[in-house]
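Descriptive structure summary
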Amino acid sequence: MNNDINNNLTGDLNSGINNNLTDNTNNTESQENILEIKKRPEKSFDEQNEFDSKLLKLFIGKRYGGFLSKKINIGALLFGPLYLIYRRIYLIGVLAYTIFSALLIFFYDNYLVLGIIFGINLIFNIIVCILFNKYYLNKAYNKIKEIQEKNEYITDLQIESMAEEEGEPSVGVVIVAVIVISGILYLVVPLLKGLLTFNI
């Protein structure tokens, strides 16, 4: 009986050791599989330049040719801050639109000041019109480089999809921004003007 017990214990012990070894082997294989996930193959200088150009075109969209060939941007001249928001340059666009809109609401009954505000707005639009294409191309290039550096383990097709999504302009965002900012200003600015008039 003692022999049977010893045999059983020995068998259980060996079985447990074998199972542990098997589990460790499986874990090692899983780790090796994880390590087998490779970075995208490095491209030659010409291949990388060609890929960057493709990403730039996807990021900028249909107006890519115009950004490369034209020194001024008519959209920026006509729409100023709204065009910046449209092109996802939110900080400058929202700030400029908020300031100009607040001034227009505050001085709506002073035609001289309104003329000055419109003049300043026009100067702002002209400056943006002249500088925008060069600035935006540089911004787009830096962005696609950032996308590639932060996503080394995904395919070129996924990189292309990300570049297109990051740069895609949106009329919807402009509409929402105008509604929200204008709504807030039409509530706040008259109250502020009333308080200032009362104090004076």
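This structure is a prediction, so every number in the text was calculated from the model and none was measured. (Residues numbered from 1 in each chain as written. Predicted model: local features only at pLDDT ≥ 70, side-chain atom pairs only at ≥ 80, totals over all residues. Heavy atoms only, no water.)

What follows covers a nonpolar patch on the surface. Taken together, Ile72, Ile74, Leu78, Phe79, Leu122, Ile123, Ile126, Ile127, Ile130 and Leu131 make up a surface patch of nonpolar side chains, about 970 Å² in accessible area. Taken together, the elements giving at least two residues each to the nonpolar patch come down to helix 4 (74–79) and helix 7 (111–150). When residues in the nonpolar patch are grouped by element, the largest group, 6 residues, is from helix 7. Within the secondary structure, isoleucine 74 is located in helix 4. (Patch = residues over 30% accessible without salt bridge, like charges linked within 9 Å, V, L, I, M, F, W, Y side chains within 5 Å. Areas by Shrake-Rupley, 256 points an atom, 1.4 Å probe, with all protein chains shown as cover. Salt bridge = Lys/Arg side-chain N within 4 Å of Asp/Glu carboxyl O. Helix = DSSP H or I, 4+ residues; strand = E, 2+ residues; numbered from the N terminus.)

The subject of this paragraph is the packing of helix 6 (residues 90–106) against helix 7. Running from N to C, helix 6 and helix 7 point in directions that differ by 165°, and their axes come no closer than 10 Å. Taken together, the axis directions place helix 6 and helix 7 in an arrangement best described as roughly antiparallel. Two packed elements cross with a definite hand, and for helix 6 against helix 7 that hand is left-handed. Packed against helix 6, whose contacting residues are Ile92, Ala96, Phe100, Leu103 and Leu104, the element helix 7 presents Leu114, Ile117, Phe118, Ile120, Asn121 and Phe124 at the interface. When grouped by side-chain class, the residues that make up the contact of helix 6 with helix 7 number 10 nonpolar, 1 polar and no charged. (Axes fitted to C-alpha atoms, helices over the stretch in contact; angles between N-to-C directions. Parallel < 35°, antiparallel > 145°, perpendicular 65-115°, else oblique. Left-handed = near helix turned anticlockwise from the far one by under 90°. Contact = heavy atoms within 4.5 Å. Nonpolar A, V, L, I, M, F, W, Y, C, P; charged D, E, K, R; others polar.)

Along the chain, glutamine 148 turns up in helix 7. A relative accessible area of 9% places glutamine 148 in the buried class. (Buried < 20%, exposed > 50% of the residue type's maximum accessible area, 1.4 Å probe, protein only.)

Below, the discussion takes up the pattern of salt bridges. Side-chain pairs of opposite charge can arise whenever the charged atoms involved come near each other. Within this structure, the stated rule accounts for 7 salt bridges. Between aspartate 52 and lysine 145 there is a salt bridge, and its shortest N-O distance comes to 2.9 Å. Here the residue aspartate 52 occupies a position in helix 2 (residues 45–60), and lysine 145 occupies one in helix 7, the gap between them amounting to 93 residues. Of the charged contacts in the structure, one is a salt bridge between glutamate 146 and lysine 150, with a shortest N-O distance of 3.1 Å. Residue glutamate 146 and its partner lysine 150 are both found in helix 7; the two are separated by 4 residues, about one turn of the helix. Glutamate 146 sits in the partly exposed class, given a relative accessible area of 31%. With relative accessibility at 63%, the residue lysine 150 sits in the exposed group.

We now examine the packing of aromatic side chains. Applying the stated criterion to the full structure yields 8 aromatic pairs. Ring centres 5.7 Å apart and planes at 65° place the aromatic pair phenylalanine 100 and phenylalanine 124 in the edge-to-face group. Of the two residues, phenylalanine 100 sits in helix 6 while phenylalanine 124 sits in helix 7, which places them 24 residues apart along the sequence. With a centroid separation of 5.4 Å and 15° between ring planes, the pair formed by phenylalanine 132 and tyrosine 136 is classed as stacked. Of this pair, phenylalanine 132 and tyrosine 136 both sit in helix 7, 4 residues apart, which is roughly one turn of that helix. Note on accessibility: phenylalanine 132 and tyrosine 136 belong to one class, buried. Here the aromatic cluster, defined as three or more aromatic residues joined through ring pairs, consists of Phe59, Phe67, Tyr83, Tyr86, Phe132 and Tyr136. Its end group placed over the ring of phenylalanine 51, lysine 43 keeps NZ or CZ at 4.5 Å from the ring centre. One cation-aromatic arrangement involves lysine 193 over phenylalanine 106; the distance from NZ or CZ to the ring centre is 5.7 Å. (Phe/Tyr/Trp six-rings, centres within 6.5 Å; stacked < 30°, edge-to-face > 60°. Lys NZ or Arg CZ within 6 Å of the ring centre and 35° of its normal.)

With 17 residues, helix 6 ought to run about 24 Å at 1.5 Å a step, and its terminal C-alpha atoms sit 24 Å apart, in line with that. For helix 6, the set of buried residues is Gly93, Ala96, Tyr97, Phe100, Ser101 and Ile105. The buried residues of helix 6 occupy an angular sector of 155° when the element is viewed end-on, so they sit on one face. Facing away from the buried side of helix 6 by over 90 degrees, the exposed positions are Leu91 and Leu95. (Expected span 1.5 Å × (residues − 1). Arc of directions from axis to C-beta.)

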